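One-letter residues, chain by chain:
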Amino acid sequence: MQWFSLTATFLQFSGLGGFIANLRKKVKKNFNELALRNGELVKALQRIEDLAMRDELTGVFNRRFLMEAIRNEKLRCDRTGIVFTLCIVDVDHFKQVNDQHGHLAGDQVLQQIARTASDALRQTDIFGRYGGEEFAMVLTGTTSEGAIITAERVRRHIEEIDFTSISPGFKVTVSIGIADSLGGEDPALTFKRADEALYAAKEGGRNRCLVAP
């Protein structure tokens, strides 16, 4: 009887051990699946966030994010006394690019310009696509004297881009309008002055940077 009881007890413990081992395997499997799903969820949320603030074609900030960033920068500058400068970058004769080489070539031009301009700026600066073939640069802690230097660097780098994959000898230039953010000035007025400077740069022959009066 004692041996029988001992054997029965041993079998029960063996069965219980096997049950616990299987349970551990299931828990580990479920944990791994949950971790995988959480990772996929994090990636999906990051993707949604990127879509909300990034331009789909060029990957730089979109107009919505730009406007919000400018409003925040304006509030910060009014509070601290620091200044910033707004630059509007427009691709010269962009319609001719689409008409002569096709819209895919036009997309390639915009993508390369976005990469080139972004690489020429500081990490503290903000760069995005304002709309169509227009981009905007928000140069933080910078007056127009410093902004014209940065804008000229961006203009030169864009002029030097090699677009032979589109057509041999094909080049693209940009015109840039620059305006300081004045104390107490609404950002919309800063945009208006930068846009007027851009228009004057276009009228003056394109492929140039011009500071608003």
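Some points on the overall build of the protein
Piece 1. A tally of regular secondary structure across the protein gives six helices and five strands.
Piece 2. Secondary structure elements in the protein, listed N-terminal to C-terminal, are α-α-β-α-α-β-β-α-β-α-β.
Piece 3. Burial statistics for the protein: of 213 residues in total, 37% are counted as buried.
Piece 4. Sequence separation of at least 24 residues holds for 66% of the intrachain contacts in the protein that already meet a minimum separation of 6.
Piece 5. Total accessible area computed for the protein in this model is approximately 13100 Å², and 57% of it derives from carbon and sulfur atoms.

Thoughts on the sheet that holds strand β4 (residues 174-180)
Piece 1. Strand order in the open sheet made by the five strands is β2-β3-β1-β4-β5, with mixed pairing throughout. The two strands at the open ends of the sheet, each matched to only one other strand, are β2 (126-131) and β5 (209-211). The sheet shows a mean angle of 20° between the axes of neighbouring strands, direction not considered.
Piece 2. By the bridge criterion, five bridges tie β2 to strand β3 (residues 134-140) in an arrangement that is antiparallel. When the bridges of β3 are listed, G131 appears paired with E134.

Brief notes about unusual backbone geometry
Piece 1. Even without being glycine, H93 reaches a positive phi, approximately 50°.
Piece 2. You can see H93 is positioned in the loop between β1 (84-91) and α3 (94-101).
Piece 3. In the Ramachandran plot, N207 falls in the positive-phi region, its phi being about 50° despite a non-glycine side chain.
Piece 4. With respect to the helices, strands and loops of the structure, N207 is situated in the loop between α6 (187-203) and β5.

Focus on the packing of aromatic side chains
Piece 1. Counted under the stated rule, the structure contains four aromatic pairs.
Piece 2. For the pair F61 and F65, a centre-to-centre distance of 4.1 Å together with 20° between the ring planes defines the contact as stacked.
Piece 3. On the basis of an interplanar angle of 10° and a centroid distance of 5.4 Å, the ring pair of F127 and F135 is categorised as stacked.
Piece 4. Above the face of the F61 ring, R54 is positioned so that its terminal group lies 4.2 Å from the ring centre.
Piece 5. Cation over ring: R63 sits above Y130, and NZ or CZ is 4.2 Å from the ring centre.

Description of the side chain of D55
Piece 1. Structurally, the position occupied by D55 is in the loop between α1 (2-53) and α2 (63-80).
Piece 2. At 2.7 Å, the side chain of D55 forms a polar contact with the side chain of T58.
Piece 3. When sequence neighbours within four positions are dropped, the list of residues in contact with D55 reads V60, F61, N62 and R129.

A word on the nonpolar core
Piece 1. Grouped together as the largest cluster of nonpolar side chains are 31 residues, with contacts concentrated most on V109, I113, F127, F135, M137 and I176.
Piece 2. V109 has contacts with F94, V97, F163, I166, F170 and V172, leaving out every residue within four places of it along the chain.

Some words on the pairing of β2
Piece 1. Along β2, five of the six residues are buried, which leaves the element largely enclosed by surrounding structure.
Piece 2. Where β2 folds back onto β3 in an antiparallel hairpin, the turn is made up of two residues, including G132, whose phi is positive at roughly 60°.

What about the packing of α3 against helix α4 (residues 103-119)?
Piece 1. One can describe the packing of α3 onto α4 by two numbers: an axis separation of 7 Å at closest approach and a directional angle of 140°. One finds that α3 runs oblique with respect to α4. Residues F94, V97, N98 and H101 of α3 touch α4, and the partners they reach there are H103, A105, G106, V109 and L110.
Piece 2. Its residues assigned to classes, the contact of α3 with α4 comprises five nonpolar, four polar and no charged.

Rules used in this analysis
Residues numbered from 1 in each chain as written. Predicted model: local features only at pLDDT ≥ 70, side-chain atom pairs only at ≥ 80, totals over all residues. Heavy atoms only, no water. Helix = DSSP H or I, 4+ residues; strand = E, 2+ residues; numbered from the N terminus. Buried < 20%, exposed > 50% of the residue type's maximum accessible area, 1.4 Å probe, protein only. Contact = heavy atoms within 4.5 Å. Areas by Shrake-Rupley, 256 points an atom, 1.4 Å probe, with all protein chains shown as cover. Pairing = 2+ DSSP bridges. Axes fitted to C-alpha atoms, helices over the stretch in contact; angles between N-to-C directions. Phe/Tyr/Trp six-rings, centres within 6.5 Å; stacked < 30°, edge-to-face > 60°. Lys NZ or Arg CZ within 6 Å of the ring centre and 35° of its normal. Polar contact = N/O pair within 3.5 Å; in protein donor to acceptor, adjacent residues only side chain to side chain. Core = buried A, V, L, I, M, F, W, Y, C linked by side-chain atoms within 4.5 Å. Parallel < 35°, antiparallel > 145°, perpendicular 65-115°, else oblique. Nonpolar A, V, L, I, M, F, W, Y, C, P; charged D, E, K, R; others polar.

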